[in-house]
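# Per-entry structural report
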Amino acid sequence: GPYVMITPNKTRRNQLQQSKSNFAKKELHDLEQWKEGHRPGPIKVIPQRLGGKESEAQARQKQQMMLMQSKYQRKHKREEYIKAKKAAEEAEILEKNSVQREKVNMGRIKSCIYFYGSTNNSLWIGFFCSKPNELLSRLDVGLPKSDSCQIANHGPKSTSW
């Protein structure tokens, strides 16, 4: 389709470019003035001897000793962490073992209750349920040493029941 082309106005273009360059020059001048106004002043330090009374060699030796000590401190800290971790793991293992031991003891008690429960002795069963540790020690004393309950024994001997 048809279109209209507007020719540039050279005087207007020159005025815009001059105003832009004047504006940029003004901003640069303002920046330079701001830098000059905010420049830090001279540093006034009273001369003094640094490092105390020890020589450079002594200071280096002291640094070396501190480095060695920090290495041993890190090693000691790591060992303490490992010891604590092992102690926690061992405590967890002991806890698990005690839980499993309790499960085994309860299983023995239940199987003995089942075995001796056929006599319908409710007092005996109540004793089994109320005092498991005493019961187990009493069973170990009262019964033969092979097993406190002969139910789980699957040896070559055949039983009459």
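Residues numbered from 1 in each chain as written. Predicted model: local features only at pLDDT ≥ 70, side-chain atom pairs only at ≥ 80, totals over all residues. Heavy atoms only, no water.

Per an unreviewed UniProt entry, the chain goes by the name ESIP1 protein and belongs to Podargus strigoides.

Another aspect to go through is the overall build of the chain. Along its length, the chain carries four helices and zero strands. For the chain, the succession of helices and strands along the chain, N to C, is α-α-α-α. Out of the 161 residues in the chain, the part that is buried amounts to 8%. Summing over all exposed atoms, the chain offers an accessible surface of approximately 15600 Å²; the carbon and sulfur share of this is 57%. (Helix = DSSP H or I, 4+ residues; strand = E, 2+ residues; numbered from the N terminus. Buried < 20%, exposed > 50% of the residue type's maximum accessible area, 1.4 Å probe, protein only. Areas by Shrake-Rupley, 256 points an atom, 1.4 Å probe, with all protein chains shown as cover.)

Taken as a whole, this structure holds four salt bridges when the rule is applied. With its nearest N and O atoms 3.9 Å apart, the salt bridge here joins K26 to D30. Here the residue K26 and the residue D30 both occupy positions in helix α1 (residues 10-37), the gap between them amounting to four residues, near one helical turn. Across the pair R39 and E36 runs a salt bridge, and its minimum N-O distance is 3.8 Å. With a relative accessible area of 59%, R39 lands in the exposed category. Looking at E36, the relative accessible area reads 52%, which means it is exposed. (Salt bridge = Lys/Arg side-chain N within 4 Å of Asp/Glu carboxyl O.)

Moving on, we come to the confidence of the model for the chain. Of all residues in the chain, 68% have pLDDT values of 70 or greater, and the mean over the chain is 79. By mean pLDDT, the top-scoring element of the chain is α1 (93), and the lowest-scoring one is helix α3 (residues 122-130) (52). Taken together, the stretch residues 147-152 has pLDDT below 50 and engages in 14 contacts with residues farther than four places along the chain or on a different chain. (pLDDT = per-residue confidence, 0-100. Contact = heavy atoms within 4.5 Å.)

Turning our eyes to something else, we now look at a positive patch on the surface. On the surface, K71, R74, K75 and R78 cluster together into a positively charged patch. Mapped onto the secondary structure, R74 falls in helix α2 (residues 56-116). (Patch = residues over 30% accessible without salt bridge, like charges linked within 9 Å, V, L, I, M, F, W, Y side chains within 5 Å. Lys, Arg positive; Asp, Glu negative; His and termini not counted. Charge placed at Lys NZ, Arg CZ, Asp CG, Glu CD.)

The next thing to look at is a nonpolar patch on the surface. Where nonpolar side chains cluster on the molecular surface, the patch consists of L28, L31 and W34 and spans about 330 Å² of accessible area. With respect to the element layout, W34 can be found in helix α1. Given the relative accessible area of 51%, W34 is considered exposed.

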